[in-house]
Structure formats: C-alpha cells, structure tokens
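# Chain and residue survey
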Amino acid sequence: MQCPRSTLALLVLLLPLAGCGSGDDESGAQGELTVLAASSLTDVYEELATSFEEENDVDVTFSFGSSTDLAEQAADGAPGDVLSTADSTSMQTAEDADVTGEVVDFATNVMVIVTPAGNPAGIESLDDLKGATWVRCADEVPCGKVAQGVLEDNDITAEPASLEEDVRATLDKVVSGEADAGLVYASDAVAAGDDVETIEIAGAEEQLTTYYTTTLEQSEDAELAQKWTDLLTSEEGGAALTEAGFALP
Amino acid sequence: MSEAPNGTGRPANLDVSVRVANRVEAAFTARPGEVLAVIGPNGAGKSSLVRALAGLVPAEGHARLGEVDLLQVPARDRAVGLVFQGQFLFPHLTALANVAFGPRARGTPRAEAEADAQALLDRFGIGELGERRPRQLSGGQAQRVAIARALATDPRLLLLDEPLTGLDIKVAMALRIELGRHLASYDGVTLLVTHDAIDALTIADRVLVLDEGKVAQLGTPAEVSQRPRTEHVARLVGLNVVRHEEQLMAFTPDAVVVTLQEPVGSPRFRWHGRVADVSPHGDAVRLMVHAEPDLIADVTPAAATELSLVPGREVWLSVKATAVRSYASGGR
Amino acid sequence: MRDPLGRPPVVLMVPAFLATLLLVVPLVAMVGATDWAELPDQLRSEPLRQALWLSLTTSTAATFICLVLGLPLAWLLARVEFRGRGGLRAVVTVPLVLPPVVAGIALRTAFGRTGVIGEPLLALTGFAFPFTTAGVVLAHVFVAMPFVVIAMEGALRSADKEYDAAAATLGATRWTTFRRVSVPLALPGILAGLVLGWARSLGEFGATITFNGNYPGVTQTMPNLIYVTRQSDQDAALALSMVMLIVSIGVLLALRDRWLGTP
C-alpha cells in the first residue's frame, strides 16, 4: 500500500516512519528517495514528487516538519537523501555537522495576511490587526522571526492572541475561523485555496524567506539525490514553485 | 422526642404477612416488649425476613407496626433498628460517632446526639470506649456498640441478625445475659435471628421457626423445645423427633436404649442403624446413629465400652412408649 | 529474610526489570544531559515562571472542577441502577482514548468561536473560550475527567454497599449517606483519582495547543513553552523539561504515602 500522501505536517511527525513502507510495497519501484523538508514545502514537493517518481522509477518518501528539527536529525546522521530548509540557520546546523553537499537556494517566500473565507473581521492591512483576534508563529520558529520583522518594519505593536508552533498551525487557526487573521507565507495562502482570503503586505520583501536545498552525505544514492535539486532548479520546478506561491531567487 | 414520621412514640403491635420472592413467606404478630426469636437452618429465610422488615430487600404483603405499614415506607423512614450480622460499624467513625449517627442523620444537633450516645454506651458498660475506632474494639465490644447504635434512634421494632454468632463462648454468655436485660426493659418489638438454641430458650418470649422459606412452628420456647416440628429444631434442642403419619414423636437421647440384638417390644419404637459419631456429652457418651431417621442416644461410658460402640457398629435403638411424647405435626 | 512463598519466578522478574528500565532510562538520560549549571538562570526567566504558574493554576482549577462535577457522576455510576448505565460509562471513557489533538478539534467544534455552543456564547456574552486561560482549564477538564471519574467510581464501588444499607436503616437520606459514609470510606481512591487527573492535566498538550493556542501568561503552559523553545534552543528546552519533571515528581512524592496509601 502506498505511503499516505496527504498528511498534516504535525501528524507526520507523530506517525512512526516505519508505517510508510520502506521498499517493500507493491509498486515494484527500483529505488527510494527520502526527502526531509520544511512544512511549508509540503504541497509543492508532493506535486513535484509525482513526476519525479515516474521519470526515475523510484518512490519518494517525505518527512515534513520544522527546519530546525529536520536539520538536527540530518546532523545526527538520520537516514535521508535530501534536506530542504526554510532558513539559513537550520541549513548551517547541517553544514556544520558536515552532512551537506552543495547548498542551493531555490525559492523565496514572503509573509502575507490571511483571513477566513469572507473576511468576517474586515481586515485590510496590518493596521487592522489592532483589536482583532489574530495569530502568528512563535518567535522561536523561522516564520515567527519573519513575522516579527515584518511587524517591526511597519511599526505594528498589536499583540497576537496566540503564538503558534509552526505556520501550518497558524493557518489552521485562521481556516477554522477561530482567528480573524494570521500571518503566514504566501505559499501557505495559496495552499489553503478558497478557505482563506489573502492580503498582501507592502514591503514584505524586506523580510524574505529563502529556501535552501542540499543533498545529504548519508544518502545512499548521491546521483538520485542530486536529481531532486536539479528538478527544483529546472523550468518544471520553477513553474510548480511559482504556482504554489513561491518566488524564484 | 424526634418527629420521625412513624413516630417513636407509643409502643406498637407488629402484624406481619410478608413474602420475599424465592426466599421466604411468613405471617405472625408480636406485642410491644415481646422478644421473638427467629430460628431455622441456613437458607431458611431468616435474614431475608429481617432485611425485608428493615427495607433492604423488596417484599410484598404488609408489615403493620402500629398504624403504619412498613412496606409502604422507604427504609430510612421506618424507625426500625437493625443490628447487622458482622455489625458493619462505620470504620472511619469512632464508637461514639457511630452511635450518634442515627439521631444526627435525623436532625438532632450534634452535641445532644453525642450526649445521648455516651449515655447509651455507659448503659452497655463501654462508656470509656467512645473514642475508639471499630477496629480497635473486641468482638464483644463491637457488638455492644452495634446494638447501642440501633437503639439510639429509639426504634419501635428492633431487629437483631445473629448478634452472638462468632463471639467467644464466654463473651457470648456474658453478652447474652446483658442483652436479655436490655431487651427486658426495651418497650418495642424485638426480632432476634439466631441459630443458637440457648438464645431462643433463654431470651425469647416466643420462637418462630422457619424452614425452607416457610413458617414451620410458632410457639413459646417450652412448646418448641419439647414439641419440635422440625428436625432442625429437634437437633438444636437435643431431642429426637420421629414422624409417624400425622404424628410427631419426641424423646430425649437418654431415653434411648441401645442394644446389639433386635429388642422385643412394639416395632413402632425400634430402629436399626449404624453408629456414625461418638462423643462425650457431660457424664455420658452421645452417639449419633444413622438410621431411619438419624437419632441421638446417650449411654454410659461403661456401656459404650462394653458394647464397643464405635463408628460403623450396627446397633438397635428402642424407647419405652412412656418416654415418648406424641403430638400433631400439622399447623402451628 | 527469604520470602516464605518462594523466590519470584524469573519469567516475571525479567519483564518487570525491562519495564523498569524502559521507564527509568529516558528520565535518567534527561537528567544526565541537563546542564545543571544553567538551571538557576533558567529558573529566573520570565516565560518559565509564567508558564509554570499557569500550568500549576490551570491544573489545580481543572482538578477542582473534575471533583465537583466528577464525584457526583462517579457516584451515579457506582450506586444507582439505571438503563443505559453501561453506555454512559462508555461515553465518559471516550476522551481517554481520544488522541489529544482530536480532543482539541472536538473542543473547538463545540466551544470555538464558530462552534455549536461557542458561537451563541460569543454572540450573547462577547466571550469565547479559545485563546483564554478559561479555555485552557476547559481543555484540561475534558481530558482529565475520565481518569478522575473512573478512579472514583472504582473507589466507590469497592466500599461495601452494606454500609450504605446500615446508614439507611439509621435514618440517613442518600445525600447524608453520600456525605458521611460513601465518600469517607472511598476517600483514598477518590484522592488517587484526583491526583491522576491533576497529573494528566499538567502534562496536557495536544488539546490545549489546538484549542487554545499559545500565548505567554495566558495560554502558554509548560508543555507549550517547552515545545516552542525546543525549536530554537535545545538546551533551554531540556532545562525546562527538568524543571517540569522535578515539580511533577515533587508533588507525586508529597502526596504518595499520605493520601494514596492502601485503604
């Protein structure tokens, strides 16, 4: 049975990885690629995986989560072929542990405001956050640092109702209607589709999030791993990324 | 006095006709101040009868105590005192608190209830044990507390479920005398369930014999012990009882003549059987003989040795017609 | 002095030893990995104090609510015969087997701002549970209640019913019997249930973070704080974990003999 494809980033961390069969499934693929990636890359990576699997006759297994966690795991030598993070600090952790190959920046992301469908609180800009129930990522996580930067740049002092542990949780609060607004990445807004309304933030490019990818030393098939990087920087990859709300560097 | 709905006021007659499904069916009356012993073998329904009167098991029929039918009233309003087999004193309360529990539950202020409780404990001779927990009391002391606890609510009907069972013989003897005294001055109706003949014979005014869920006999201790209608009671009082058609014949063990050869005389008064048990009984030796029916016979130690009366020995038993008391078996 | 019943069989000792190892080793490892020198500094940090205080107060409040609401329910299940009793007991047990995140989603569906009860509540009073400390207490009550009710029901059941009967014959109403007989006799088990509930509440994470979010001083309990700290500062997270471990063990030890002693 194929490894379940659509899972919330949170839950993926909780499911035992053993449950997602390693090489003993029925598709008869010749090899396997294990990708450790930041949660915000979930949708776009899964889409790219479809064509990658076909072209290379392999199974792609993902481990989505916080960049910090994944970089730590890779640094500890956890099995994996590719590591993609949403910030340079996490990638640095892995580099310092000498588990990385060539590091390539392949996409950027900006912060946007999202509101529940219908924008019940009538949010139009960051200034409208004052008095509303809004959420953002916690300071300790990359998307939280970006949000802080954006808020500072715009002299916003309003306090959020909650500091979520990752961007998906932030999005979840908005989609469910519990929060009037949230600060998430543009790619997350696209992924949420009609569940949210997106409002651009002027000058959000000042706080750009850059995505880095690398092959891992512990990869058992370096050639295959490199192919993933190649896919990301290819036209096909670029198109998928832009469609998902990312920008190209 | 408190205003329990069924009044702890004038003493009242008890008129019972109850049926507890699959357990017991009994009808009887009792006068205030009377002690009615309820005896019978295990499973006869003694406890069920008592629990039905207390309101702990469902029952049909009526149980009029004065002008109130107990069966129509929930247990807590019945003004009935029940001393449980095993006492069931509240383990987390002191003896004094146990005795004061009933009055306090009915609204008496704590100080008054505890003062009354202390007086009761004094009457039972255990006044200084008020502060002890039940686990710190001996069997006899616990039983006294249990009786005091039941009496503290001033009930018009007192039910005692095997109060002396399980006590040391000496303790039981002393308590029996005390109990007799207390019951003599108690003006309500008392039902005393027991499987000990002495209780029935010494304390009770009348005896109710239950057997297999039905009333087998109701009479004074003298009547019941001299003309027992059931084997159980006969054994209890140490009599032989033989049924012959509609007649019961009772005779004492020492009226039985034991021989090895078939005796002459009326075949009605002779039985053949095997010795099942031999034990000393006062100055005599008591034999338990398997015959039609089982009989007990007392012989002198000399005779026992002479006839080598040991278990397994085949013997003949006979009585003189003059030593036999005959009476009708039916009815009460 | 040798056990007169004989030596404990190996077939039982080995698994028992393994179980002990499994439970103890991670805790010992954590103690070993902690930078004890850093700990005093950590203790001074404001987020830690806020989170610790919040955890302790919400857990205690939740436990109190579990007592007030749960004890009557436990008594009902233990002492009163009624149709559907087994079904009620099963329903009460459900939060026990619910993954905490699912419990959070369930709470949100009911009490969230757009929830079945939450929406009218918001419209009527302007108050909503999410993102509030009250919401944290609510979530804790939801996950801890089954533990408390089950433990208390067990304790009430084990007290002999005959004592209740004795109280009845002495003239006590069922309420008086409950107060003066049933509860005192079942007290050790009742307290054990409350401690269990308190411990569960203290460790509660999934439902809280889903339903209430995470904000220092308001909804950031210790588990939440540890979780977000872990993202950026592993050592700090470890130190926080140690604090929580020490507090939890301290409370359990303090209660153990006095209240949880065998009845």
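Residues numbered from 1 in each chain as written. Chains lettered and ligands numbered in written order. Predicted model: local features only at pLDDT ≥ 70, side-chain atom pairs only at ≥ 80, totals over all residues.

## What about the overall build of chain A?
Definition in use: Every helix listed is a DSSP run of H or I at least four residues long, and every strand listed is a run of E at least two residues long, numbered separately from the N terminus. With C-beta atoms placed from the backbone, a residue counts as buried when 20 or more other C-beta atoms lie within 10 Å of its own, as exposed when 12 or fewer do, and as partly exposed for counts between those limits. By definition, residues are in contact whenever their C-beta atoms, placed on the basis of the backbone, come within 7 Å of each other.
Assigned secondary structure in chain A consists of 9 helices and 10 strands. Looking at chain A as a whole, 49% of its 249 residues are labelled buried. Within chain A, counting contacts between residues at least 6 apart in sequence, those at least 24 apart form 76% of the total.

## A short note on the domain arrangement of chain A
Residues and elements named next belong to chain A. For clarity, the cut-off: Boundaries between domains were set according to an automatic or database domain assignment. In the scheme used here, Gly and all other residues not listed as nonpolar or charged are polar, with Ala, Val, Leu, Ile, Met, Phe, Trp, Tyr, Cys and Pro taken as nonpolar and Asp, Glu, Lys and Arg as charged.
Structurally, chain A comprises domain 1 (9-107 + 211-243) and domain 2 (111-207). Here the C-alpha centre of domain 2 lies 27 Å away from the C-alpha centre of domain 1. At the junction of the two partners, domain 1 supplies 10 residues and domain 2 supplies 10 residues. Broken down by secondary-structure element, the contributors of at least two residues to the side of domain 1 that touches domain 2 are α1 (9-14) and α2 (42-56). For the side of domain 1 that touches domain 2, the residue count by class is 4 nonpolar, 4 polar and 2 charged.

## Re helix α4 (residues 88-96) of chain A
Residues and elements named next belong to chain A. Selection rule: By arc we mean the arc of the directions from the helix axis to the C-beta atoms, nothing more.
Taken as a whole, α4 has its buried residues at Ser-90, Met-91 and Ala-94. For α4, the arc enclosing every buried residue in end-on projection is 100°, short of the 170-degree limit, so these residues lie on one face. Among the structural elements, α3 (67-75), β3 (82-85) and β10 (209-215) are those in contact with the buried residues of α4. Where α4 terminates, the next one or two residues include Asp-98, which has phi positive at roughly 60°.

## Digging into helix α8 (residues 222-233) of chain A
Threshold: The span expected for a helix works out to 1.5 Å for each residue beyond the first.
With 12 residues, α8(A) should reach 16 Å at 1.5 Å per residue; the first-to-last C-alpha distance of 17 Å fits that figure. All of the buried residues along α8(A) are A:Leu224, A:Ala225, A:Lys227, A:Trp228, A:Thr229 and A:Leu232.

## Some words on the environment of C:Ala151
Residue and element names in this part refer to chain C. By the element assignment, Ala-151 lies in helix α7 (residues 133-158). Considered as a pair, Ala-151 and Pro-95 are 56 residues apart in the sequence and their alpha carbons are 15 Å apart. Non-local contacts of Ala-151, meaning those with residues more than four positions away in its chain, are made with Gly-189, Ala-192, Gly-193 and Leu-196.

## Quick word on the arrangement of the chains
Here the protein chains form 2 pairs of chains in contact, of which the pair with the most contacts is chains A and C. Chain B makes no contact with chain A, the minimum C-alpha separation between the two being 48 Å.

## Some points on the sheet that holds strand β2 (residues 58-65) of chain A
All names here are of chain A. Filter applied, for reference: Here, a strand pair is defined by DSSP locating no fewer than two bridges between the strands. Note on geometry: axes are C-alpha line fits, over the in-contact stretch for helices, and angles between N-to-C directions span 0 to 180 degrees.
One open sheet holds the 5 strands; their spatial order is β2-β1-β3-β10-β4, and the pairing between them is mixed. Single-partner strands in this sheet number two, and they are β2 and β4 (104-109). Pairwise comparison of adjacent strand axes, ignoring direction, gives a mean angle of 20° for this sheet. Both β3 and β10 contribute to a ladder of 4 bridges, which runs antiparallel. Looking at β10, one finds that Thr-85 is bridged to Tyr-212. Lying over the sheet, α2 contacts β1 (31-38) and β2, oriented at roughly 165° with respect to β2.

## Notes on the interface of chain C and chain B
Counting from both sides, the interface comprises 14 residues of chain C and, opposite them, 16 residues of chain B. Within the residue set of the side of chain C that touches chain B, elements represented by two or more residues are α8 (161-169) and α9 (174-203) of chain C. In terms of residue count, α8(C) provides more of the side of chain C that touches chain B than any other element does, 6 residues in total. Here the side of chain C that touches chain B is composed, by residue class, of 9 nonpolar, 4 polar and 1 charged.

## Here's the deal with the sheet that holds strand β12 (residues 247-251) of chain B
Residue and element names in this part refer to chain B. An order of β11-β12-β18 is seen for the 3 strands of this open sheet, with the pairing classed as antiparallel. The two strands at the open ends of the sheet, each matched to only one other strand, are β11 (240-244) and β18 (325-328). With strand direction ignored, the average angle separating the axes of adjacent strands in the sheet is 25°. Inspection of the sheet shows β12 paired to β18 by 4 bridges, in the antiparallel sense. Among the inter-strand pairings, Met-249 is bridged to a residue of β18, identified as Ser-326.

## Describing the nonpolar core
Heads up, the rule is: A set of buried Ala, Val, Leu, Ile, Met, Phe, Trp, Tyr and Cys residues, joined through C-beta atoms within 7 Å, is what we mean by a nonpolar core.
With 148 residues, the main nonpolar core has B:Ala37, B:Val38, B:Leu53, B:Val99 and B:Leu159 as its most contacted residues. Of all the elements, α7(C) adds the most residues to this core, at 17 residues. Looking at which domains feed residues into this core, each of domain 1 (14-226) and domain 2 (240-328) of chain B supplies at least three. Not counting residues within four places of it along the chain, the set of residues in contact with B:Leu159 comprises B:Val50, B:Leu53, B:Ala54, B:Val80, B:Gly81, B:Leu82, B:Val83 and B:Leu191.

## Looking at the interface of chain C and chain A
Counting from both sides, the interface comprises 16 residues of chain C and, opposite them, 16 residues of chain A. For the side of chain C that touches chain A, the element with the most residues is helix α11 (residues 222-232) of chain C, which contributes 5 residues.

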